[in-house]
Amino acid sequence: MPELPEVETTRRGIEPHILGKTIQRLEIRQPRLRWPIPRQLNTCLTGKRIQDISRRGKYLLITVKGGTLIIHLGMSGSLRILKHHQAAGPHDHVDLWLSGGTLLRFTDPRRFGAWLWTSGPVDDHPLLSSLGPEPLSDDFNTEYLHLSAQKRKVAVKPFIMNSHIVVGVGNIYANEALFRAGIHPARSAGRISRQRYGVIVTSIKSVLLVAIDHGGTTLRDFVSGEGSPGYFKQNLLTYGRTDAPCKNCGAPIREIRLGQRSTFYCGRCQH
Ligand SMILES: [Zn+2]
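About the criteria used
- Residues numbered from 1 in each chain as written.
- Predicted model: local features only at pLDDT ≥ 70, side-chain atom pairs only at ≥ 80, totals over all residues.
- Heavy atoms only, no water.
- 1 Å grid on protein atoms, 1.4 Å probe; cavity = no way out; pocket = protein on both sides within 12 Å on 5 of 7 lines; lining within 4 Å.
- Points joined across faces, edges and corners; volume = space filled by probe spheres on them.
- Nonpolar A, V, L, I, M, F, W, Y, C, P; charged D, E, K, R; others polar.
- Patch = residues over 30% accessible without salt bridge, like charges linked within 9 Å, V, L, I, M, F, W, Y side chains within 5 Å.
- Areas by Shrake-Rupley, 256 points an atom, 1.4 Å probe, with all protein chains shown as cover.
- Salt bridge = Lys/Arg side-chain N within 4 Å of Asp/Glu carboxyl O.
- Buried < 20%, exposed > 50% of the residue type's maximum accessible area, 1.4 Å probe, protein only.
- Pairing = 2+ DSSP bridges.
- Helix = DSSP H or I, 4+ residues; strand = E, 2+ residues; numbered from the N terminus.
- Axes fitted to C-alpha atoms, helices over the stretch in contact; angles between N-to-C directions.
- Contact = heavy atoms within 4.5 Å.
- Donors = N, O, S within 2.8 Å, 3.2 Å for Na, K, Ca; no water.
- Core = buried A, V, L, I, M, F, W, Y, C linked by side-chain atoms within 4.5 Å.

Let us now look at the layout of surface pockets. Think of a ball as big as a water molecule: rolled over the atoms, this probe shows where empty space is left. Taken as a whole, the largest pocket holds about 420 Å³ of empty space. Contributing to the lining of the largest pocket are 18 residues, with E3, K58, M161, S163 and G168 lying nearest its centre. A breakdown of the residues in the lining of the largest pocket according to their chemical character gives seven nonpolar, seven polar and four charged.

The next subject is a nonpolar patch on the surface. Taken together, M1, M75 and F112 make up a surface patch of nonpolar side chains, about 280 Å² in accessible area. Overall, M1 belongs to the partly exposed group, its relative accessible area being 48%.

Strand order in this open sheet of four strands is β2-β3-β4-β8, and the pairing throughout is antiparallel. The outermost strands of the open sheet, each flanked by one partner alone, are β2 (52-56) and β8 (114-118). Within the sheet, the average angular offset between the axes of one strand and its neighbour, ignoring direction, is 25 degrees. Relative to strand β4 (residues 67-72), strand β3 (residues 59-64) runs antiparallel, the two sharing six bridges. Along β4, the bridge assignment pairs T63 with T68. Lying on the sheet, helix α1 (residues 4-18) is in contact with β2 and β3; it crosses β2 at an angle near 175 degrees.

Spatially, four strands are ordered β1-β6-β7-β5 in an open sheet, and the strand pairing comes out antiparallel. On the outer flanks of this sheet lie β1 (23-28) and β5 (78-82), each paired with one strand and no other. With direction set aside, neighbouring strand axes in the sheet form an average angle of 20 degrees. The pairing of β5 with strand β7 (residues 103-107) spans five bridges and is classified as antiparallel. In the sheet register, I81 faces β7, and the bridge partner there is L104. Across the face of the sheet, α1 comes into contact with β5, β6 (92-98) and β7 while running at roughly 30 degrees to β5.

Looking at the zinc ion, the protein donor atoms are C246 (SG), C249 (SG), C266 (SG) and C269 (SG), and they sit 2.2 to 2.4 Å from it. The sequence pattern describing where the donors of the zinc ion fall on their chain is C-x2-C-x16-C-x2-C. Of the two residues, C249 sits in the loop between α6 (194-216) and β9 (254-258) while C269 sits in the segment after β10 (261-265), which places them 20 residues apart along the sequence. Judged by its relative accessible area of 17%, C269 falls in the buried class.

One finds L45, L79 and W115 to be the most contacted residues of the largest nonpolar core, which totals 27 residues. If you look at the next biggest cluster of nonpolar residues, it comprises 26 residues, including L178, A181, A189 and I200.

Any functional reading would require information beyond the geometric quantities listed.
Next comes the structure, spelled out in structure tokens:
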């Protein structure tokens, strides 16, 4: 599933190919994504120049005069740039034709992705208005996270995965960040010191930055003639390593369910 680093990698990958280009037309082959693609989207986009491409959480925001196209990759979505015409496959649901013969193609086998439009301030859109700060921004800091955790009984792992608290900390990154921070994932969020929250904040930022850096090596995949961009493989310390030796101390990595999500940790290194 595309997480924040994959979405940021996608943004960086497609930006140089679409920024400043004019949208010539939108070709929708399958409008039934997570929500139906709005009927007026073609009218809203055609003839408009792409002014900006940014990211908020896992949403990609393509700004044109008069509004913003909001794209979410869902469970299995991907975007890629095609420089030469290539017939659409069964999961290639949307094509955005741009000036200069560039095509931005959206592929989504499971159709949990989204293509939506807003003409108002994008931060006021219902999907974005209640999101917490960006994890890599200065607004996400020790003070903020410690204050947000006050009197919370929820376990720290679901707490940091809550998008109202901070966006973009998916299951893989929550597991990895807590391992690096040496904090047990089931520990109550309200019972962690300010100092330890400082370590958690640093760990979250660093696992995301490492993942984005790794994504940089796959950027060329966004301009390709075949297949979809392969999301990068990562060097994970806990995730999916049940019973394998902890890379720090050698004890077997344990797996539990926490907030309905698979949770991996070292019982010796994390407390
Ligand atoms: Zn260990």
